[in-house]
Amino acid sequence: MKISFLIHTVYGIGGTIRTTLNLAEELADRHEVEIVSVFRHRDIPLFTIDPRITVVPLVDTRPKSPTCEKEHPDQLTPAEFFPRTEARFKEYSKLTDERVRAHYARSDADVVIGTRPGLVAYAARFAPEGAVLIGQEHMTYNHHKPALREELRPHLEALDAFVTVSEGDAAVWREQMKLPGTWVLCIPNSVPEPMVAPSDQSGTTVVAAGRLSPEKRYDVLIRAFAKVVAVRPEWTLRICGWGTERDKLRRHIDTLGLHNHVFLMGPRSPIEPEWVKGAIAASTSRHESFGMTLVESMRCGVPMVSTDCDYGPREIIKDGEDGLLVPVGDVDAVAAALLRLIEDEGLRRRMGEAALRNARRFDPSVIAERYDDLFMELGAGTRKRRAVAVGAAVRDQSAAVRDLGAAPGSGAPTGGGAHSAVPDVQDEAPREHPADDDGHDGDAGFAPVADCVAEADGSLTVTLLDPTAPTDRTAPAAPTDPPARPDAPRLVAVLQGRDPVERTYTFRADGTLSIPAGEDLAEGNWVCHVEDPATGARAPLTARAVDQRGSLRPADRMGPGDGVRHLVPYRRPPGHLLELRSWVRAVHAEAGDIALTDDCATLTGRLLGPVTDRADRPELVMRRYDSHEEVAVPGAWLSGDRFRIDLPWEELAGRRRREQDTWALWLRYAPDRAPVKIARLLDDVVAKADVFAYRPVRRHKRRPLLLARRLVRKVRRQPQLMVELTLRYDGHNALYVRVTDA
């Protein structure tokens, strides 16, 4: 049968998109599946989409697209058929009404599934006659305002089934809104087996993930983590995701002085390689209709500390067995639960193993079977409706609801499945799979896909996958180093720059290859291609998943006197291509924690490399960009070739000459040696600037009679003239100070 999912957009990132794709991929094993994406706001989706799934974008909102329709007259006209009380009403329009109606007017779908309230209304109005209509509730009854629930009532009554993701929410819907002709039931979201090996619960990282929005209450988690680091300062918290709360959370981190311990990682897709870097997972939401992140972390073998909010967490986590539940909003309880797992490694490992085991009940094969049973029960594919007394009345009411929009001249479809009087949606937005439109050179005639793993010893393992089977998520067997065939494909890594350099590696018979630790790869970005030896044709190598755990702590592998040779694999957006970032330094000053006060920044770090003539005291050398001017500040050596230096803000504030001054930071470690840049290289984060962030510091502009000028401005109630100094990392992950007007 044919199944059609109607979604706001499939090109973004979020729980609804993720679970829709998980279910669609599994159903594609036995059905024809399409995802109708009302909006297309980027060229390439952030999630990889199974090529068996047909994606139909209806309205192009890509700003740089020649077919962008943001200014289309109908897009500027409010929607007539989308619920006015729905949160996204302002994004919908007469154009979305017409495009959805036109698509389903010619559709032969057996099942239509609406994935948010407004799209449930669209499905009820526009789905083809005879199709089974299913609405999905990805929030909760109590999340919706009463006005929206009432506006939705006739559309919900027109459905064959309304599916919530928790039993608790299904019970509330059945109790609070009587829908006698609609089957209200719970089918939880599905989460596939991870494409990376599970966590071993070691390390000192707590991971959280999700949209940075108020209901996720990351402020509670950050305050709780302040209590954690007061006891265990070696632990860090990584929060993956994006959203409107990012700046607010950044300020919260700065206020608590947690910039060395709490990191906003930005969006990460796929998320599994991030979960497995953690020893513990955390969620502090005030409500969760389901809790995709809980199941994801559990499937990765990471025990979860979660608030016991309505409704998902208590139906997912077995408290004390595979995770810990704490009261909503209780900072002390969150901190205590985290410390309990931090202090008891044995408990952490047992809970991680139980989480891995218990979360299998959410596998897509299990959940898809429940949907298949629902489709069969509702008569999908037979073009027959349920033979219940109220069924005919519900269908009559559904027709009446549809006819509300069938005013003269409206172009609404009429009986017999007539097409609407709008342009053929297939002509304006052709059916396509967006992963094909990735800007890759298609001349090679093939599209290679691979997984990459950074091993514990620093080497890389690349496993070539069958691009026609992207849903094969099973971990490859341990390589036995079978010999490479003469006709085996080759991985060609190309160093980007004026004079490209290439390194070639041959895949073994089992489709794997290894890049040894310490391989001679010059510093820079290496773009990976696969070459067909028979024809010489090359195609960019797409990365399905990159497991970076072996890149997390390379300093642990380094011996005394070793220089830096660090290789980090990563997926480069937007095409998800495999790239390798190589760092090679004979002598290197690795930046560590940074303490900030209003007077100075105290830099700590470690000198690496074969240094035998170290000076008695290190010096911080500050060099103004595009100038020969420099300032030197003495520091001190600590044990183990570590250093500490105070950077005085007043020194740089007083030397400001331009609208924006930039000072690079160098370490002079020996009197007769060239200084080296202070940079942060030795971890898994390729671009540091947005992750390792520091609060700006303000100082008064240095001018003659400064105290008198400040007093006069204060008496006159005028703002003080200030400069702002900010420590940042540049594109090469070297530290610098930016000085601007405040």
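Residues numbered from 1 in each chain as written. Predicted model: local features only at pLDDT ≥ 70, side-chain atom pairs only at ≥ 80, totals over all residues. Heavy atoms only, no water.

Q: Could you give me a rundown of the overall build of the protein chain, with the residues and numbers involved?
A: Secondary structure assignment for the protein chain yields 17 helices and 34 strands. Taken over 742 residues, the protein chain has a buried fraction of 56%. Here the contacts in the protein chain between residues at least 6 apart in sequence split such that 68% fall between residues at least 24 apart. In the structure as shown, the protein chain presents an accessible area of about 31,400 Å², 50% of it carried by carbon and sulfur atoms. (Helix = DSSP H or I, 4+ residues; strand = E, 2+ residues; numbered from the N terminus. Buried < 20%, exposed > 50% of the residue type's maximum accessible area, 1.4 Å probe, protein only. Contact = heavy atoms within 4.5 Å. Areas by Shrake-Rupley, 256 points an atom, 1.4 Å probe, with all protein chains shown as cover.)

Q: Please set out helix α3 (residues 117-126) residue by residue, giving values where relevant.
A: Burial within α3 is extensive, with 10 of its 10 residues counted as buried. What α3 keeps buried is the set Pro117, Gly118, Leu119, Val120, Ala121, Tyr122, Ala123, Ala124, Arg125 and Phe126.

Q: Give me the nonpolar core: which residues, what numbers.
A: By size, the foremost hydrophobic cluster in this structure holds 66 residues, and its most contacted members are Leu647, Leu665, Leu727 and Val737. Contacts of Val737, omitting those with residues within four sequence positions, involve Leu647, Trp649, Leu652, Asp661, Thr662, Trp663, Leu665, Leu725, Thr726 and Leu727. Counting residues in each nonpolar core, the second largest holds 37 residues, with Val56, Ala79, Phe81 and Tyr92 among its members. (Core = buried A, V, L, I, M, F, W, Y, C linked by side-chain atoms within 4.5 Å.)

Q: Can you break down the confidence of the model for the protein chain residue by residue, with the values?
A: Averaged over every residue, the pLDDT of the protein chain is 89; the share at 70 or more is 87%. Across residues 384-442, confidence stays below pLDDT 50; counting only partners more than four residues off in sequence or on other chains, it has 113 contacts. Predicted confidence for residues 467-480 stays below pLDDT 50, and this span has 19 contacts to residues more than four positions away or in other chains. (pLDDT = per-residue confidence, 0-100.)

Q: Give me the lowdown on the packing of helix α6 (residues 218-231) against helix α11 (residues 331-343), citing residues and values where you can.
A: Orientation of α6 relative to α11, taken along the N-to-C sense of each, is 45 degrees, at an axis distance of 8 Å. Between α6 and α11, the crossing angle belongs to the class labelled oblique. Remark: the crossing between α6 and α11 carries right-handed chirality. Along its contact with α6, which presents Val220, Leu221, Arg223, Ala224, Phe225, Lys227, Val228 and Val231, the element α11 presents Val331, Asp332, Val334, Ala335, Leu338, Leu339, Ile342 and Glu343. Classifying every residue of the contact of α6 with α11 gives 12 nonpolar, no polar and 4 charged. (Axes fitted to C-alpha atoms, helices over the stretch in contact; angles between N-to-C directions. Parallel < 35°, antiparallel > 145°, perpendicular 65-115°, else oblique. Left-handed = near helix turned anticlockwise from the far one by under 90°. Nonpolar A, V, L, I, M, F, W, Y, C, P; charged D, E, K, R; others polar.)

Q: Tell me what's going on with the pattern of salt bridges, and back it up with residues and numbers.
A: Under the defined criterion, the tally for this structure stands at 54 salt bridges. A salt bridge links Arg211 to Glu215; the shortest N-O distance between them is 2.6 Å. Residue Arg211 is classed as partly exposed on the basis of its relative accessible area of 43%. Among the salt bridges present, the one from Glu523 reaches Arg585, with a minimum N-O distance of 2.8 Å. Residue Glu523 is located in the loop between β18 (512-515) and β19 (524-531), and its partner Arg585 is located in strand β23 (residues 577-585); the two are separated by 62 residues in the primary sequence. A cluster of three or more residues bridged by salt bridges with shared partners is formed by Arg624, Glu629, Glu651, Arg655 and Asp661. (Salt bridge = Lys/Arg side-chain N within 4 Å of Asp/Glu carboxyl O.)

Q: Can you explain the side chain of His576? Please cite residues and give values.
A: Within the fold, His576 resides in the loop between β22 (564-572) and β23. The exposure class of His576 is buried, given its relative accessible area of 10%. Residues within four places of His576 in sequence aside, it is in contact with Ile44, Pro45, Leu46, Thr48, Leu541, Thr542, Ala543 and Arg571.

Q: Before we move on, could you go through the environment of Glu523 and cite the residues and values that matter?
A: Judged by relative accessible area, Glu523 falls into the partly exposed class, the value being 28%. Between the C-alpha atoms of Glu523 and His566, which are 43 residues apart in sequence, the distance is 9.0 Å. The contact partners of Glu523, leaving out residues within four places of it in the chain, are Leu495, Arg581, Ser582, Trp583, Val584 and Arg585. At 3.0 Å, the side chain of Glu523 forms a polar contact with the backbone nitrogen of Val584. There is a polar contact of 2.8 Å between the side chain of Glu523 and the side chain of Arg585. (Polar contact = N/O pair within 3.5 Å; in protein donor to acceptor, adjacent residues only side chain to side chain.)

Q: Residue-level account of the side chain of Thr662, with values.
A: Within the element layout of this structure, Thr662 appears in strand β30 (residues 660-668). Assessed through its relative accessible area of 13%, Thr662 is described here as buried. Not counting chain neighbours up to four residues away, the residues in contact with Thr662 comprise Arg623, Arg624, Tyr625, Tyr736 and Val737.

Q: Just give me the short version of the packing of aromatic side chains, but keep the residues and values in it.
A: All chains considered together, the criterion is met by 14 aromatic pairs. Measuring from ring centre to ring centre gives 5.2 Å for Phe39 and Tyr92, while their planes differ by 75 degrees; the resulting arrangement is edge-to-face. Of this pair, Phe39 sits in strand β2 (residues 32-40) while Tyr92 is found in the loop between β3 (54-60) and α2 (94-105), placing the two residues 53 residues apart along the sequence. The burial state of Phe39 is the same as that of Tyr92; both residues are buried. Each member of the aromatic cluster is reached from another via a ring pair, and the members are Phe39, Phe81, Phe82, Tyr92, Tyr122 and Phe126. Here the basic side chain of Arg614 rests over the ring of Trp637, its NZ or CZ set 4.2 Å away from the ring centre. Over the ring of Trp666 we find Arg623, and its NZ or CZ is 4.7 Å from the ring centre. (Phe/Tyr/Trp six-rings, centres within 6.5 Å; stacked < 30°, edge-to-face > 60°. Lys NZ or Arg CZ within 6 Å of the ring centre and 35° of its normal.)

Q: Tell me what's going on with the pairing of strand β25 (residues 600-608), and back it up with residues and numbers.
A: Across the 9 residues that make up β25, a large majority, 8, are buried. Where strand β24 (residues 588-596) meets β25, 7 bridges bridge the pair, whose relative direction is antiparallel. Bridge pairing links Ala591 to Gly605 in β25. Joining the antiparallel neighbours β24 and β25 is a turn of 3 residues. (Pairing = 2+ DSSP bridges.)

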